[in-house]
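Reading the structure
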Amino acid sequence: MSLELGDAASTPTAPSTTPSPGRRKGNRAAGMADVAKLAQVSHQTVSRVLNSHPSVRPVTRERVLAAMAELDYRPNRLARALVTSRSGQIGVLTSGSAKFGPMSALMAVEEAARRAGYAVNVATVRESELEGEESSHGIHQVLNAFDQQAVEAVVVIAPRVSAVALLADIGSRAPLLLVASGVEPTDRFDVVSVDQVLGARLVTRHLIDQGNRVIGHLAGPSDWFDARQRRVGWESELAAAGLPLGPVWEGDWSADAGFARGQELVASGDLPDAIVAANDQMALGLLRAFGEAGIEVPGRVSVTGFDDIEGTAHFQPPLTTVHQDFDALGEAVMRALARQIGPAGVRDDAGNDRTPPIAPELVVRSSTRAR
């Protein structure tokens, strides 16, 4: 039987549910030695599990994790930092937007980091702080605080163009990773994103294949990366099909904006064959405006959204939209960070690997149909 380095030579057994010598006694907190004894592995193997080392066999990892749970073992991050020169912490800078994309990205990154054994420090710079002469002050304060906390890397969830522009002039000890669509990686930061262009192309191609020829676009705010990329996807797919661009309107991501635009279209009587809304909320506003005016969707006009937010299957009619895999986004962020900080806590500048954008998925429902 092959043994992992540091494992006991005896046959592995699962941690017992009865008191054992490895349990903490009295009020003393369990330590790594207690975990190692209960799991019948070496102190070094416990350390490897804590640091997510790839050499640990799955069965051994599960045994160690079970022992940690039984003993209620809490790693001492300060002690680990002194020994390994790594803090086990990641900083996340966000604009604090409650919009679906940024909030979903934040949750996915936090969950993926926690699964990888990192603590996450989240700092918010309000969107109002990204404008004006003093706009860099808030970001500078956050990055400086992260440096003082010795975070190993900083993830910037940057939905707006202004946020990335500000980062160009602000220093950071830790490597940076941006969650932003349509931004090219640089020597200063890596980039992870969902392919917004592809998502818009998928939904536009779906409408073209159904026989629609005049396809309008209700775009998001022009200073948002996602809005820009979704517009590019809509334009690109129409061009690839040899169709002229349909009308374009700009909204603010809200259902109110979609409702107001829908009312204007109803009043004008000039409806396109279909409308690609840049998100589900604006599509919801369109559906209400058309429904109140007695305009059939999809009979007279097809409507699509983007994001596949909770409840889109129960819109009236259920909405054709684009689903983003935020779980995959979080995992991609952690893989990219692993390339940046490396197993020894040193940034790997020699590697040229880049994370390809994560492909979204078209979700077809009954707000669209063949003409």
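This text gives an overview of the structure that appears in the document. (Residues numbered from 1 in each chain as written. Predicted model: local features only at pLDDT ≥ 70, side-chain atom pairs only at ≥ 80, totals over all residues. Heavy atoms only, no water.)

Structural notes on the sheet that holds strand β8 (residues 274–277)
Put simply, the test is: Two strands form a pair only when DSSP identifies at least two bridges running between them. Counting from the N terminus, the helices are the DSSP runs of H or I reaching at least four residues and the strands are the DSSP runs of E reaching at least two. Note on method: axes are straight lines fitted to C-alpha atoms, helices fitted across the in-contact stretch only, with angles between N-to-C directions ranging 0 to 180 degrees.
On the basis of which strands lie adjacent, the open sheet formed by 4 strands has the order β7-β6-β8-β9 and parallel pairing. Two strands close off the open sheet at either side, each with one partner strand: β7 (248–250) and β9 (302–304). Strand-to-strand twist across the sheet, computed as the mean angle between neighbouring axes with direction ignored, equals 15°. Looking at chain direction, strand β6 (residues 215–219) and β7 are connected through 3 bridges and run parallel. Looking across to β7, one finds that Leu218 is bridged to Trp249.

Concerning the packing of helix α1 (residues 32–39) against helix α2 (residues 43–50)
We count it as follows: Should an angle lie under 35 degrees it is considered roughly parallel, over 145 roughly antiparallel, and from 65 to 115 roughly perpendicular; all remaining angles are considered oblique. Residue contacts are counted whenever heavy atoms from the two residues lie within 4.5 Å of one another. Nonpolar residues are Ala, Val, Leu, Ile, Met, Phe, Trp, Tyr, Cys and Pro. Charged residues are Asp, Glu, Lys and Arg, and all others, Gly as well, are polar.
Running from amino to carboxyl end, α1 crosses α2 at an angle of 105°, the nearest separation of the two axes being 8 Å. Our classification of the angle between α1 and α2 gives roughly perpendicular. Contacts between α1 and α2 involve Met32, Ala33, Val35 and Ala36 from the first element and His43, Val46, Ser47 and Leu50 from the second. Residues belonging to the contact of α1 with α2 are distributed by class as follows: 6 nonpolar, 2 polar and no charged.

Considering the packing of aromatic side chains
In plain terms, the rule: Only centres within 6.5 Å qualify two rings of Phe, Tyr or Trp (six-membered ring in Trp) as a pair; their planes then separate them into stacked at under 30 degrees, edge-to-face at over 60, and tilted for everything else.
Taken as a whole, this structure holds 2 aromatic pairs when the rule is applied. Ring centres of Phe100 and Phe326 lie 5.6 Å apart, and the angle between their planes is 75°; this geometry places the pair in the edge-to-face category. Placement of the pair is Phe100 in helix α5 (residues 100–115) and Phe326 in helix α12 (residues 326–341), with a sequence separation of 226 residues. Residues Trp224 and Trp253 carry aromatic rings whose centres are separated by 5.7 Å and whose planes lie at 75° to one another, so their mutual orientation is edge-to-face.

Focus on helix α8 (residues 196–209)
Stated precisely, the cut-off is as follows: A helix is expected to span 1.5 Å multiplied by its residue count minus one. Buried means the residue's accessible area, taken with a 1.4 Å probe over protein chains only, is under 20% of the maximum for its type, while exposed means over 50%, and partly exposed covers the values in between. Two N or O atoms count as a polar contact when they lie within 3.5 Å, although within protein this holds only if one can serve as hydrogen donor and the other as acceptor, and sequence-adjacent residues are included solely when both atoms are side-chain atoms.
With 14 residues, α8 ought to run about 20 Å at 1.5 Å a step, and its terminal C-alpha atoms sit 20 Å apart, in line with that. Those residues of α8 that fall on the buried side of the exposure criterion are Gln196, Val197, Gly199, Ala200, Val203, Thr204, His206, Leu207 and Ile208. The inward-facing, buried residues of α8 abut β6, α9 (225–240), β8, β9, β10 (321–323) and β11 (361–363). The N-terminus of α8 is capped by Asp195, whose side-chain oxygen sits 3.3 Å from the backbone nitrogen of Val197. Just beyond α8, the residue with positive phi is Gly211, at close to 100°.

Points about the sheet that holds strand β2 (residues 119–124)
Strand order in the open sheet made by the 5 strands is β2-β1-β3-β4-β5, with parallel pairing throughout. Of all the strands in the sheet, the pair left with one neighbour each is β2 and β5 (189–192). Recorded for the sheet is a direction-independent mean angle of 25° between the axes of neighbouring strands. As defined by bridge partners, strand β4 (residues 176–179) adjoins β5 across 4 bridges and the pair is classed as parallel. Within β5, the position partnered with Val179 by the bridge is Val192. Sheet strands in contact with α5 are β1 (89–94), β2, β3 (153–157) and β4, and its direction is about 160° off that of β3.

Describing α12
Its 16 residues give α12 an end-to-end C-alpha distance of 23 Å, which sits within 8% of 22 Å, the value for a rise of 1.5 Å per residue. Among the residues of α12, Phe326, Leu329, Gly330, Ala332, Val333, Met334, Ala336, Leu337, Gln340 and Ile341 are the ones counted as buried. Of the residues flanking the start of α12, the one acting as N-cap is Asp325, its side-chain oxygen 3.3 Å from the backbone nitrogen of Asp327.

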